[in-house]
Amino acid sequence: METGTTGGTSRPEWVGLPGGLLTLRRLLLVIWTVPLAAGTALLLGLTAGPAWAATGSFWLVLLAWGWVLLGRNWRSWRYAERADDLLISRGVLWREQTVVPYGRMQLVEVTSGPLERRFGLASVQLHTAAAASDAKIPGLVPAEAERLRDRLTELGEARSAGL
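The structure displayed is predicted, hence computed values, not measured ones.

**A word on a nonpolar patch on the surface**
A grouping of L27, L28, I31, W32, L36 and L115 is seen on the molecular surface, where their side chains present a nonpolar patch of about 560 Å² in accessible area. Residue placement: L28 occurs in helix 1 (residues 20-47). Given a relative accessible area of 32%, L28 falls into the partly exposed group.

**Structural notes on the pattern of salt bridges**
Scanning the entire structure with this criterion turns up 6 salt bridges. Between D150 and R149 there is a salt bridge, and its shortest N-O distance comes to 3.2 Å. Owing to a relative accessible area of 45%, D150 belongs among the partly exposed residues under this scheme. We classify R149 as partly exposed; its relative accessible area is 27%. Salt bridges here are not isolated pairs; linked through shared partners, they connect E81, E144, R147 and R151.

**With respect to the packing of aromatic side chains**
All chains considered together, the criterion is met by 1 aromatic pair. Ring centres of F58 and W59 lie 5.1 Å apart, and the angle between their planes is 70°; this geometry places the pair in the edge-to-face category. Residue classification places F58 among the partly exposed positions, given a relative accessible area of 48%. A cation sits over an aromatic face here: R78 above W14, 4.3 Å from the ring centre.

**So, the pairing of strand 2 (residues 78-81)**
Bridge count between strand 1 (residues 15-16) and strand 2: 2 bridges; the pairing is antiparallel. By the bridge assignment for strand 2, G16 is matched with R78. One ladder, built from 4 bridges, connects strand 2 with strand 3 (residues 85-90); its direction is antiparallel. From the neighbouring strand, Y79 faces strand 3, where its bridge partner is I88. Between strand 2 and strand 3, which pair antiparallel and follow one another directly, the connecting turn spans 3 residues.

**Here's the deal with the pairing of strand 6 (residues 122-128)**
Here strand 6 lies mainly inside the structure; 6 of its 7 residues are buried. By the bridge criterion, 6 bridges tie strand 5 (residues 105-111) to strand 6 in an arrangement that is antiparallel. Note that in strand 6 the partner of E109 across the bridge is Q125.

**Things to note about the sheet that holds strand 4 (residues 96-101)**
Strand order in the open sheet formed by 4 strands is 1-2-3-4, and the pairing between neighbours is antiparallel. With partners counted over all chains shown, the strands left at the sheet margins are strand 1 and strand 4, one partner each. Most of the contacts of helix 4 (residues 142-159) go to strand 2, to which it runs at about 40°, and overall it touches strand 2 and strand 3.

About the cut-offs
Along each chain, the written sequence defines residue order, and numbers are assigned to residues from 1. Reporting of local features is limited, given that this is a predicted model, to residues whose pLDDT is at least 70; pairs of side-chain atoms are given and counted only at 80 or more, and all residues count toward the totals for whole chains, interfaces and linings. Heavy atoms throughout the structure, all of them, feed into the side-chain values; hydrogens and water do not. Patch definition: residues with relative accessible area over 30% and no salt bridge; like charges joined within 9 Å; nonpolar side chains (Val, Leu, Ile, Met, Phe, Trp, Tyr) joined within 5 Å. All accessibility values rest on the Shrake-Rupley procedure with a 1.4 Å probe; residue burial counts only the protein chains present in the view. Note on definitions: salt bridges are taken to be side-chain nitrogens of Lys or Arg within 4 Å of carboxyl oxygens of Asp or Glu. A run of H or I in DSSP counts as a helix once it spans at least four residues, and a run of E counts as a strand once it spans at least two, with each numbered from the N terminus. Each residue is assigned to one of three classes by its accessible area relative to the maximum for its type, calculated with a 1.4 Å probe on protein chains only: buried under 20%, partly exposed between the two thresholds, exposed over 50%. Put simply, two rings from Phe, Tyr or Trp (the six-membered ring, in Trp's case) pair if the centres are within 6.5 Å, and we call them stacked under 30 degrees between planes, edge-to-face over 60, tilted for the rest. The rule for a charge over a ring is simple: NZ of Lys or CZ of Arg within 6 Å of the ring centre, and within 35 degrees of the ring normal. A strand pair is defined by DSSP finding two or more bridges across the two strands. Throughout, a residue-residue contact means that at least one pair of heavy atoms, one from each residue, lies within 4.5 Å. Throughout, an axis means a line fitted to C-alpha atoms (over the contacting stretch in the case of helices), and angles, computed between N-to-C directions, take values from 0 to 180 degrees.

Okay, here's the thing in structure tokens:
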């Protein structure tokens with residue numbers, strides 16, 4: 001029985017991450033940079049003079065730059081379920097593509113920290129026999145994370161039966 005999302009061609013059908021992860025990361029960026037900008041401007045304005053208060057704008061430039069980079073990074077994350085393995089692709093400058101054969105999966109876990117739960121997100125972590133395996137899909141909707149966990153577990157059990 002053929003499984004996976006290969007469609008009519010031999011190329012995998014990639015699935016991107018939902019927008020909640022981007023929203024969470026951008027919110028954290030704002031939470032860190034705006035107080036730093038205000039604090040730097042206030043401190044330097046009071047101690048070194050009003051001209052030095054403009055130094056606080058460094059953090060606002062960093063905010064704008066980080067805003068763009070977070071969007072590019074979020075768009076780079078994608079995954080595809082194929083017949084025999086799971087593909088995970090990520091990275092903007094340095095592209096990484098991880099191939100995890102279903103038969104090599106030992107544990108598939110769904111995690112969700114306090115902020116992720118607040119934004120309705122969960123991550124799927126794949127553990128294999130390889131010590132350096134870092135196969136993780138962050139920022140999924142919990143229902144999709146659970147579906148993916150169940151599917152990967154089922155496929156992993158079916159593929160590892162011959163080992």
